[in-house]
Every structure is written in C-alpha cells, then in structure tokens.
Amino acid sequence: MALLAEHNVTATPGRRVLEVYDADAYLGDEAAMDAAETQVVAGNGYHLYLLSLQPDMKVQMTIRIWDTPPAPPAEAEGHTDVSLESETGILVIGQLGRGPAGEITLPRPGVYEGHAWWQNRQAAADYYNTTLDQLTDAPRRPAHRSLEQLPRHRTLRPRPRLHPQARTHR
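Presented here is an overview of the structure given in this document.

Criteria and thresholds
- Residues numbered from 1 in each chain as written.
- Predicted model: local features only at pLDDT ≥ 70, side-chain atom pairs only at ≥ 80, totals over all residues.
- Heavy atoms only, no water.
- Buried < 20%, exposed > 50% of the residue type's maximum accessible area, 1.4 Å probe, protein only.
- Helix = DSSP H or I, 4+ residues; strand = E, 2+ residues; numbered from the N terminus.
- Pairing = 2+ DSSP bridges.
- Polar contact = N/O pair within 3.5 Å; in protein donor to acceptor, adjacent residues only side chain to side chain.
- Axes fitted to C-alpha atoms, helices over the stretch in contact; angles between N-to-C directions.
- Contact = heavy atoms within 4.5 Å.
- Phe/Tyr/Trp six-rings, centres within 6.5 Å; stacked < 30°, edge-to-face > 60°.
- Lys NZ or Arg CZ within 6 Å of the ring centre and 35° of its normal.
- Core = buried A, V, L, I, M, F, W, Y, C linked by side-chain atoms within 4.5 Å.

### Brief notes about the pairing of strand 6 (residues 78-86)
The alternating pattern of strand 6 places G78, T80, V82, L84 and S86 on a buried face and H79, D81, S83 and E85 on a face that is not buried. As paired elements, strand 6 and strand 9 (residues 110-118) share nine bridges and run antiparallel to each other. When the bridges of strand 9 are listed, S86 appears paired with G110.

### A closer look at helix 1 (residues 30-39)
Of the residues flanking the start of helix 1, the one acting as N-cap is D29, its side-chain oxygen 3.0 Å from the backbone nitrogen of A31. V40 sits one or two residues past helix 1 and shows a positive phi near 75 degrees.

### Here we look at the sheet that holds strand 2 (residues 17-22)
Strand order across the open sheet formed by five strands is 3-4-2-7-8, with antiparallel pairing between neighbours. Single-partner strands in this sheet number two, and they are strand 3 (41-43) and strand 8 (99-105). Neighbouring strand axes in the sheet, compared pairwise and without regard to direction, differ in orientation by 20 degrees on average. When strand 2 meets strand 4 (residues 47-51), the two strands line up antiparallel, connected through five bridges. The partner of E19 across the bridge, within strand 4, is Y49. Across the sheet, helix 1 touches strand 3 and strand 4, and the angle it forms with strand 3 is around 160 degrees.

### Points about the packing of aromatic side chains
Note on aromatic pairs: each is described by the distance of the centres and the angle between the planes. This model, assessed by the stated rule, comprises zero aromatic pairs. R108 extends its terminal NZ or CZ atom over the ring of Y112, reaching a point 5.5 Å from the ring centre.

### Brief notes about the environment of V17
Structurally, V17 can be placed in strand 2. Separated by 77 residues in the primary sequence, V17 and G94 have C-alpha atoms spaced 8.6 Å apart. Beyond its immediate sequence surroundings of up to four residues, V17 is in contact with Y49, L50, L51, G94, Q95 and L96.

### What about unusual backbone geometry?
Leaving glycine out, the prevailing phi sign among residues is negative, and the prevailing peptide bond configuration is trans. Backbone geometry at R15 places phi at a positive 55 degrees, although glycine is not the residue there. If you trace the backbone, R15 turns up in the loop between strand 1 (3-11) and strand 2. The exposure class of R15 is exposed, given its relative accessible area of 63%.

### Concerning the nonpolar core
Counting residues in each nonpolar core, the largest one holds 20 residues, and the members touching the most others are V20, V41, I93 and I104. Elements with a contribution of two residues or more to this core: strand 1, strand 2, strand 5 (59-66), strand 6, strand 7 (90-95) and strand 9. Core analysis: the next-biggest nonpolar cluster, separate from the first, contains seven residues, A32, A36, Y49 and L96 among them.

As structure tokens, this is what we get:
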C-alpha cells in the first residue's frame, strides 16, 4: 500500500457544505446533497458533498491517493465508502455558494474509490456553538445610522509629516 499523492486544501463550508467534483462535472445533485445531511458524505459518482456542522469556520481537507485504500484510522469519528469518477483528472474543491477553494490534479483520469473519514467535526461544532452563544449574550452594537444622518461631504486633507529628527519627545 503506497501513498501516490497527498493534497491539503483549506476551505470554508458554504451553507455547511463542501463539494469535491471533476472539473467538467460542475452540475449539482440535490439527492446527493440531501443524503449528505444524514450520511455526512454522499455523492453520485461524479460529485461528492461533505456536510459540516458549522458554516463559517475554515476546515482542512486532505485528499490522499493510495494504490490500495487503507482502512480509516481508529480515531476517526465516522467514515463512509466513496467513489468518484474524474474524466479530466482535475478535481475541484468547492465551497457551496462561495466558489472554488482549490483544484487538485490527480495522477490520471479515472474512477477513484476509497473512504471519506472525519475527525474533530463535533468539537468544531461545539466550539462554534459556544462562541455564538457568547456573542449573542454580548451587548449589541447600535444599529447603523441612516443615510440621512451620515455626513454628505467630507474633505480629507493629508496631515503634514514631520521629519524624524524634527519630532520632539515629551
């Protein structure tokens, strides 16, 4: 069992979803996305959806390509078998509604089978929810002033700069 390639991508889940798909298979699949709600990772053979428990924190995605897929590690919170076909040999890591986070060039086009597994998913969600609870308990900023209250015109003038030797210290 030899590691052929490893790619790391940092991405922000858009609406709690990350995608992995072939560069030519950019059309989504509603049924696969719905399946990810219960399975964490689901796909249709050309498009994988990975569901995060939080929408705004960056996540680290690592894609490893082995000659034979190893078993998921014992410390994985969960795992599922996946299959993904790439006709171009280029995978896109998408942030749903936010655009691509990166592209990965595979060793060759074809069908890749293996496991998707995850770690620290629940810990990240707990941290996110705790942080949100603290933010909602904090005093709120005053509402934005209406446009009528904002100054209509403001002239900015550059401040004269003193030469470093001309400064006085008090």
